[in-house]
Amino acid sequence: MQNIIVSKFKEIFGTGCALYAAPGRVNLIGEHTDYNGGYVLPGAIDKAIYVAIKPNGGAKARIFSVQNDEMAEFRLCESDIPAFQWARYPFGVCMEMIKRDGRVEGFDAVVSGDVPLGAGLSSSAALCSAFAFALNDIFGCGFERAELALIGQSTEHNYEGVKCGIMDQFASIFGRKGNIIRLNCNTLDYEYIPFDPESAGYRLVLLDTRVKHELASSAYNRRRESCENAVEAIRKRHPEVEVLWDVEPDWLEEVRGEISAEDFKRAEYVTGEKQRIQCFCEALEEDDYETAGEMMYLTHEGLSKLYEVSCPELDFLNEVACHESVTGSRMMGGGFGGCTINLVGADRYDAFVDAAKTEFAAKFGHEPSVYDVVISDGARKL
Ligand code: GLA
């Protein structure tokens, strides 16, 4: 992959590029909690977006995407938003850096990667992180890593219209090999937790439904609004509440009649997830993967029935995991398609993956893709 990008750069722009990578992510637990001020437990993976890049001394950015076989060219000003959808991410990153007084100038770049698109592995966050990290380095902007993650998040908000939380960008920038990140999304305080299920006889595997449902981003934004509606109602009685994470379970009950049944269900999921994360973390500390796995199943149920961000394909894979005695399984990421994440005893692995492929193909006409998870380093210069 690296060689292809560098030789493509040579072919189009000449020699002397620098090469950067930023990975996709998995998340063990803590779904739809980041924009509610809660905890998440992501880790970076061994699939990344790669950028070969060099300042060009001019006022324009020129970016060739190997995957799309398209060249985007834009001036570094708001009015020159590129037509290609993929190019809006690096464009947005440039604009967000400039807004924060980053001195970004013209550059040439070639981009590609092996993060599966639309699989819930945060390929777009990886794309933003790769450019933010690379531009920060080649132009000496001096942004801290946390700022680079926030630049990626603002790009999603302001140039893609997705009001996402900070989890994906943070994981892509801060990932560390062999560790997951326990991130407080309210304060951005974080700690690395060594994560080595294999030493305890378990494996982590993703099953990709290879479906992406329409309108996922507007449905995502509506979930966020529901949570905000619940906070607003609760704050009338408990003014100290700023995010849903601050809410005690009985405080939610107090406003049951004051918010819509839909908003109530969404908030109920989030308060439940708060308890599950706590239980999951305690279990992990004791290498109690069985309890951790139970929490994953409960999270799936909440995401499916209360938060309603699952889909038939994800629910089906979750059921297969359950009847194949997989330790833990749930849909992962924003939802409406993408992957399930599965914590499976090493001795159950082959039977599970075979059953999932056969049964899924019989029902939906194609096999799910299978990705073994390797927890890897975050954004870096190669
Ligand atoms: C997407 C968003 C994240 C997060 C997850 C759900 O991946 O980009 O910020 O909200 O969904 O946990």
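Rules and cut-offs
Residues numbered from 1 in each chain as written. Predicted model: local features only at pLDDT ≥ 70, side-chain atom pairs only at ≥ 80, totals over all residues. Heavy atoms only, no water. Disulfide = S-S within 2.5 Å. Buried < 20%, exposed > 50% of the residue type's maximum accessible area, 1.4 Å probe, protein only. Helix = DSSP H or I, 4+ residues; strand = E, 2+ residues; numbered from the N terminus. Pairing = 2+ DSSP bridges. Contact = heavy atoms within 4.5 Å. 1 Å grid on protein atoms, 1.4 Å probe; cavity = no way out; pocket = protein on both sides within 12 Å on 5 of 7 lines; lining within 4 Å. Points joined across faces, edges and corners; volume = space filled by probe spheres on them. Nonpolar A, V, L, I, M, F, W, Y, C, P; charged D, E, K, R; others polar. Domains from an automatic or database assignment. Axes fitted to C-alpha atoms, helices over the stretch in contact; angles between N-to-C directions. Buried area = accessible area lost by both parts, 1.4 Å probe. Salt bridge = Lys/Arg side-chain N within 4 Å of Asp/Glu carboxyl O. Polar contact = N/O pair within 3.5 Å; in protein donor to acceptor, adjacent residues only side chain to side chain.

Undergrad: Can you lay out the state of the cysteines for me, pointing to particular residues and giving the numbers?
TA: Applying the stated rule across the entire model yields 0 disulfides. Here Cys141 stays unpaired: no disulfide links it, and the sulfur of Cys94, its closest cysteine neighbor, is 9.6 Å away. What makes Cys141 buried here is its relative accessible area of 19%.

Undergrad: An account of the pairing of strand S11 (residues 337-345) is requested, with residue identities and associated values reported.
TA: Buried residues dominate S11, accounting for 9 of its 9 residues. Two elements, strand S10 (residues 328-331) and S11, share 4 bridges in a ladder whose sense is antiparallel. If you follow Ser329 over to S11, its bridge partner there is Asn342. Linking two consecutive strands that pair antiparallel, namely S10 and S11, is a turn of 5 residues; a positive phi of about 90° is found at Gly333 within it.

Undergrad: Account for the environment of Glu290, naming residues and giving values.
TA: For Glu290, the position within the fold is in helix H9 (residues 289-306). Judged by its relative accessible area of 42%, Glu290 falls in the partly exposed class. Between the C-alpha atoms of Glu290 and Gly345, which are 55 residues apart in sequence, the distance is 9.7 Å. For Glu290, the residues in contact, after removing those within four places along its chain, are Tyr202 and Thr327.

Undergrad: Can you tell me about the layout of surface pockets, naming the residues and giving the values?
TA: In this structure, the largest pocket encloses a volume near 1,200 Å³. Taken together, 48 residues line the largest pocket, and the ones lying closest to its centre are Tyr89, Ser123, Ser124, Glu156 and Lys212. For the lining of the largest pocket, the element with the most residues is helix H3 (residues 123-138), which contributes 4 residues. Class assignment of the residues belonging to the lining of the largest pocket gives a composition of 20 nonpolar, 20 polar and 8 charged. There are two domains that each give the lining of the largest pocket at least three residues, and those are domain 1 (2-196) and domain 2 (197-372). Roughly 270 Å³ of volume is contained in the second largest pocket.

Undergrad: Break down the sheet that holds strand S4 (residues 60-65) for me, citing the residues and quoting the values.
TA: Across the sheet, which stays open at both edges, the 6 strands sit in the order S5-S4-S6-S3-S1-S13 with mixed pairing between neighbours. Of all the strands in the sheet, just strand S5 (70-75) and strand S13 (380-381) have a single pairing partner and so form its edges. Both strand S1 (residues 18-27) and S13 contribute to a ladder of 2 bridges, which runs antiparallel. In the strand pairing of S13, Tyr20 is matched with Lys381. Of the strands in this sheet, S4, S5 and strand S6 (107-113) touch helix H2 (residues 88-99), which is tilted by about 25° from S5. The strands that helix H5 (residues 167-174) touches are S1 and strand S3 (42-55); relative to S1, the one it contacts most, it runs at about 130°.

Undergrad: Go over the domain arrangement of the chain with me, naming the residues and quoting the values.
TA: Annotation of the chain at the domain level lists domain 1 (2-196) and domain 2 (197-372). For domain 1 versus domain 2, the separation of C-alpha centres amounts to 25 Å. Taken together, the contact between domain 1 and domain 2 spans 34 residues of the former and 43 residues of the latter. Where domain 1 abuts domain 2, roughly 3,000 Å² becomes buried across the two surfaces, and 65% of that area is made up of carbon and sulfur atoms. For Glu31, the salt bridge is made with Arg330, and the minimal N-O distance between the two is 2.7 Å. Taken together, the links from domain 1 to domain 2 amount to 18 residue pairs in polar contact (both at pLDDT 80 or more). Looking at the side of domain 1 that touches domain 2, the elements that each hand over two or more residues are S1, S3 and strand S7 (179-184). Counting residues per element, the side of domain 1 that touches domain 2 draws most heavily on S1, which supplies 3 residues. For the side of domain 1 that touches domain 2, the class distribution of residues is 13 nonpolar, 13 polar and 8 charged.

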